[in-house]
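So the chains spell out like this:
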Amino acid sequence: LSKCELAVLSACRSNVGPRQFGTGVAGLNRALRLAGARATITSLYAVADQESATFFGTFYHALFIEGRAVREAFRAARSTLQASGAPVGAWAVFVLYTDD
């Protein structure tokens, strides 16, 4: 995945795995990063389909339509959902890891 700029795993609990001393959580996120993905978005727990769709619709709009960087688009999606009164689980479930 050395040419992969962003890997998105919106499936439930894709950032969950056994904790390993000195390396953190050994889940899919870590595997993607070790395989070369420069940035990943994974989830900490189960999230409803509609909430996930709303988050990623907002994220992809900021990323592709507005032309924001991954970190900025992620922050914008979280802020937009939070400001709209969406439940915490709709925006706090997703985690971004990036080299930038």
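Numbering of residues starts from 1 in every chain and runs along the sequence as written. It should be noted that, the model being predicted, local features are given only for residues of pLDDT at least 70 and side-chain atom pairs only at 80 or more, the latter also being counted only at that level, while totals for whole chains, interfaces and linings use all residues. Side-chain measures here rest on the full set of heavy atoms in the structure, leaving out hydrogens and waters.

Peer 1: Sorry if this is basic, but what is going on with helix α2 (residues 49-65) here?
Peer 2: One turn of the α-helix equals 3.6 residues, which is why residues spaced by three or four share an orientation. A run of H or I in DSSP becomes a helix once it reaches four residues, and a run of E becomes a strand once it reaches two; helices and strands are each numbered from the N terminus. Here the expected length of a helix is defined as 1.5 Å per residue gap, with one fewer gap than residues. With 17 residues, α2 extends 23 Å from end C-alpha to end C-alpha; this agrees with the ideal 24 Å at 1.5 Å per step. Contact partners of the buried residues in α2: β1 (7-8), β4 (39-43), α3 (70-83), α4 (88-91) and β5 (94-98). Once α2 finishes, G67 follows within two positions and takes phi at roughly 75 degrees, a positive value. Any pair of residues with heavy atoms lying within 4.5 Å of one another is described as a contacting pair.

Peer 1: Looking at this structure, I do not really get the packing of α2 against α3. What am I missing?
Peer 2: Two numbers describe a pair of packed helices, the interaxial angle and the distance between the axes. At their nearest, the axes of α2 and α3 sit 8 Å apart, and the two run at 135 degrees to each other. For the element pair α2 / α3, the angle class is oblique. The handedness of the crossing between α2 and α3 is right-handed. Across from T54, F55, T58, F59, A62 and L63 in α2, the residues of α3 making contact are V70, A73, F74, A76, A77, R78, T80 and L81. In terms of residue class, the contact of α2 with α3 is made up of 10 nonpolar, three polar and one charged. To obtain an axis, a line is fitted to C-alpha atoms, over the contacting stretch when the element is a helix, and the angle between two such axes runs from 0 to 180 degrees between their N-to-C directions. Roughly parallel means an angle under 35 degrees; roughly antiparallel means over 145; roughly perpendicular covers 65 to 115; every other angle is labelled oblique. For any helix crossing, the convention is left-handed if the near helix is rotated counterclockwise from the far helix by under a right angle, and right-handed if that rotation is clockwise. Each residue is assigned to one of three groups, with Ala, Val, Leu, Ile, Met, Phe, Trp, Tyr, Cys and Pro labelled nonpolar, Asp, Glu, Lys and Arg labelled charged, and all others, Gly among them, labelled polar.

Peer 1: Teacher, can you tell me more about the packing of aromatic side chains here?
Peer 2: Describing an aromatic ring pair means giving the distance of the ring centres and the angle of the ring planes. Centre distance within 6.5 Å is the pairing criterion for rings of Phe, Tyr and Trp, where only the six-membered ring of Trp is used; planes under 30 degrees apart are then read as stacked, over 60 as edge-to-face, and the remainder as tilted. Evaluation of the coordinates by the stated rule reveals eight aromatic pairs. On the numbers, 5.9 Å between centres and 15 degrees between planes, the contact of Y60 with F64 is stacked. Here Y60 pairs with F64, and both are found in helix α2, just four residues apart, close to one helical turn. We classify F64 as exposed; its relative accessible area is 60%. By way of ring pairs, the aromatic residues F55, F56, F59, Y60, F64, F74 and F94 are connected into one cluster. Note on classification: 1.4 Å probe, protein chains only; a residue is buried when its accessible area is under 20% of the maximum for its type, exposed when over 50%, partly exposed between these limits.

Peer 1: Would you mind showing me how to read the sheet that holds β5 here?
Peer 2: In sheet architecture, strand pairing relies on hydrogen bonds along the backbone and comes in two forms, parallel and antiparallel. Taken together, three strands build an open sheet; the order of strands is β1-β4-β5 and the sheet is mixed. Edge positions in the open sheet fall to β1 and β5, since each of these has one partner strand only. In this description, strands pair whenever DSSP reports at least two bridges between them. In this sheet, β4 lies alongside β1 in parallel orientation, the contact comprising two bridges. Directly across from A7, in β4, lies its bridge partner T40. Of the strands in this sheet, β1, β4 and β5 touch α2, which is tilted by about 35 degrees from β5. The strands that α3 touches are β4 and β5; relative to β5, the one it contacts most, it runs at about 165 degrees.

Peer 1: Honestly, the pairing of β4 in this entry has me stumped. Any pointers?
Peer 2: In summary, the side chains of a regular strand alternate between the two faces of the sheet. Here β4 lies mainly inside the structure; five of its five residues are buried. Both faces of β4 are covered, namely the face carrying A39, I41 and S43 and the face carrying T40 and T42. As paired strands, β4 and β5 are joined by five bridges and run antiparallel to one another. Note on β5: the bridge partner recorded for T40 is Y97.

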